[in-house]
Amino acid sequence: MSRQFDVLVIGGGPGGYVAAIRAAQLGFSVACCESNAYADPKDEPRLGGTCLNVGCIPSKALLHTSHLFEEASHGFAAQGITVGTPKIDVPTMIERKNTIVKQLTTGIKGLFKKNKVTLLNGHGSFVAQSAGGWQVKVGEELVEAKQVIVATGSRSRHLAGVAVDNVLVCDNVGALEINAVPKKLAIIGAGVIGLEMGSVWRRLGAEVTILEALPDFLSVADVDVAKEAAKVFRKQGLNILLGVTIGEVKAAKKSVSIAYTDKDGQAQKLDADRLIVSVGRVPNTEGLDAEAVGLKLDERGRIDVDDHCRTNLPGVWAVGDVVSGPMLAHKAMEEAVMVAELMAGQSGHCNFDTIPWVLYTSPEIAWVGKTEQQLKDAGVAFKAGKIPFAANGRALGMGDTTGFVKILADAESDRILGVHIVGANASELISEGVVAMEFGAASEDLARICHAHPTLSEVVHEAALACDGRPLHF
C-alpha cells in the first residue's frame, strides 16, 4: 500500500522546500523527498540543496571572513586602528562556515514540522501515472501524489579529461573545504563561483589566476559594470586571463599543472597548488526516470516547462535549476511559490524580467532588468543616469568609494528598464530597483522619493535624477 499525498516535492533545495511549505500553507497534504547527498552525521538528508550546503550560504560565510581579514590587514590603518599583523586560522574559518550551514539546514526541518510537511528520505523517481495522480519511488517506498513538483537542482559541470577529486582539483564542493591558504590557486572560469572563490583566497594571501574561455569579461553584465569590475579586480591582484583554451591538466601529489592556449594562440602552462573548476552547472535530471512517464526534457537536459513551470504532463511541475533560466536560488523560490498558488487555484505569478543578479565580490555587483547592450541590440531608445559612489558622503565615511549606480530608462515613457550597481552593499541596494520595476516606476518616481541622508541609497536617487540631467551632488 503506497503512501498518499496531495503534493510530492522531489528535492529539498530552495525551490523544493519553499514549494513544500507554501503548498502546505495552502491546505495540501505535502511530502518532500530528499536523498542523503549532503547527509549529516546521522546519515539523514540535509535540506537546503546546493545553496545552503555547498553554495550560496557557505561561500558568503567565507567571503565575510576573508573581507574582515583584508580590512584588518590593509584597511584599519587608514582609520587609525592598529591591530598588528593578523593571522588566519583556516580550520576555524571552515568550522564557522559549517556551523552556519548546520543551523540553517536544521532550521528547514523545523519549518517542515511547523507546517506539517512530511520529509521522506530517499531519491524520487517516477514509476507511472495512476488514477490518483502519479506513482513515485522514494528510496524503497512507493508514494502516490495527485501533483508532483520536481526541484532536483543542478550540479557542477566538469571538464572532459579533468578529474575532480575535491582535494587538489575542486569544484564548488571542494572549493569550500580547502584547509589551508594555497600559495598559488588556479581557477578555470570567471563566472560567479570563480570570482567569489578567487576573491576569498586572494584576500587570504593566495596568488590567484583565473582562466576564462570567453573573450570578454563578465559578458552577462552591463558593459560599464564589467569594465569597472575588471579594473578593480585586477588592481586587487586577481590575474584574469581571457580567451583561454584549456589543454591537458595534470595533477601530481601536491600540485596541479594546467596547459592552455592564450588569446594570441600561444601555448602556455600554469602551475598551482590547487585548481578550482567553475565552468557552469548542469541540471539534475538523471535518476528521475523521466522516460518512464514521458516527461519531456529539452536539448540541454532540462525539464521543458511553460512560463508557469508546467511540464508536458498533467499535474507535474518543475522549478529551479532543473528548468530553463538563471540558476539562482531566489528565482527557484519565486517559481516554487507561483506553482503552489497555481495548484490552489490562485493567480500565482513570477516576473522573470525583474529577477536580480548578485556577485558577492568586493565590490559587490548587482543588476536587474536590461543591460545597455541589450537595449541597443533591441533598438530601444533609452536614457542613462550614472553616478559614482565617490560623490557619496556615506561611502567616503566607510572608506569604500568604488563603483557606481547606473539607471536605464525608456527615452519616451521614462519607465525604468534596468538598474546596475557595482559597489558596497550592491546586493541590498538592488532591491530598490527591483521594487521600482515591479511597480512600473519611472526614473522620475525614484528621483522624487526622499532618501535618508547620509546613506548609500542616495546614489540610487542621484542616478535617477541624472536620467533627467539634473543630479544635485555630482
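Our structure's up above, just so we're on the same page.
The present account deals with the structure reproduced in this document. Everything numeric in this text was worked out from a predicted model, so none of it was measured. (Residues numbered from 1 in each chain as written. Predicted model: local features only at pLDDT ≥ 70, side-chain atom pairs only at ≥ 80, totals over all residues. Heavy atoms only, no water.)

### Examining the packing of aromatic side chains
Counting across every chain of the model gives three aromatic pairs. Taken together, a centroid distance of 6.2 Å and an interplanar angle of 80 degrees make the contact between F126 and W134 edge-to-face. Looking at W134, the relative accessible area reads 2%, which means it is buried. The ring centre of F404 lies 4.4 Å from the NZ or CZ of K386, which sits over that ring. (Phe/Tyr/Trp six-rings, centres within 6.5 Å; stacked < 30°, edge-to-face > 60°. Buried < 20%, exposed > 50% of the residue type's maximum accessible area, 1.4 Å probe, protein only. Lys NZ or Arg CZ within 6 Å of the ring centre and 35° of its normal.)

### Brief notes about helix 7 (residues 223–236)
If you check helix 7, its first and last C-alpha atoms are 20 Å apart, about what 14 residues at 1.5 Å a residue would give, namely 20 Å. Within the sequence span of helix 7, burial applies to V225, A226, E228, A229, A230, V232 and F233. Tucked into the core, helix 7 has its buried residues touching helix 6 (192–203), strand 11 (239–241), strand 19 (364–369), strand 21 (404–410) and strand 22 (416–423). Within two residues after helix 7, G237 carries a phi angle of roughly 120 degrees, on the positive side. (Helix = DSSP H or I, 4+ residues; strand = E, 2+ residues; numbered from the N terminus. Expected span 1.5 Å × (residues − 1). Contact = heavy atoms within 4.5 Å.)

### Some words on the pattern of salt bridges
This model, assessed by the stated rule, comprises 22 salt bridges. In this structure, R202 engages E70 in a salt bridge whose closest nitrogen and oxygen atoms are separated by 2.5 Å. Of this pair, R202 sits in helix 6 while E70 is found in helix 3 (residues 56–75), placing the two residues 132 residues apart along the sequence. On the basis of relative accessibility, which here comes to 18%, the residue E70 falls in the buried class. Linking K331 and E335 is a salt bridge whose minimum nitrogen-to-oxygen distance equals 3.1 Å. In this pair, K331 and E335 are both assigned in helix 9 (residues 329–343), four residues apart and thus about one turn of the helix distant. Per residue, the accessibility class of K331 equals that of E335, and both read buried. When salt bridges with common partners are traced through the structure, they connect D222, D224, E372, K376, K386 and K406 into a single cluster. (Salt bridge = Lys/Arg side-chain N within 4 Å of Asp/Glu carboxyl O.)

### Examining the state of the cysteines
Evaluated as defined, the whole model comprises zero disulfides. In this structure C467 is a free cysteine whose sulfur lies 19 Å from that of C450, the closest cysteine sulfur available. What makes C467 buried here is its relative accessible area of 7%. (Disulfide = S-S within 2.5 Å.)

### Here we look at the packing of helix 3 against helix 4 (residues 90–114)
Where helix 3 contacts helix 4, the axes come no closer than 9 Å and their chain directions differ by 140 degrees. Two packed elements cross with a definite hand, and for helix 3 against helix 4 that hand is right-handed. Across the interface between the two elements, I57, P58, A61, L62, H64 and T65 from helix 3 touch M93, I94, R96, K97, I100, V101 and L104 from helix 4. Here the contact of helix 3 with helix 4 is built from residues that sort into nine nonpolar, two polar and two charged. (Axes fitted to C-alpha atoms, helices over the stretch in contact; angles between N-to-C directions. Left-handed = near helix turned anticlockwise from the far one by under 90°. Nonpolar A, V, L, I, M, F, W, Y, C, P; charged D, E, K, R; others polar.)

### Focus: the sheet that holds strand 11
Overall, parallel pairing links the five strands, which are arranged 8-15-9-10-11 in an open sheet. If you trace the sheet from one side to the other, it starts and ends with strand 8 (169–170) and strand 11, each paired once. (Pairing = 2+ DSSP bridges.)

Any functional reading would require information beyond the geometric quantities listed.
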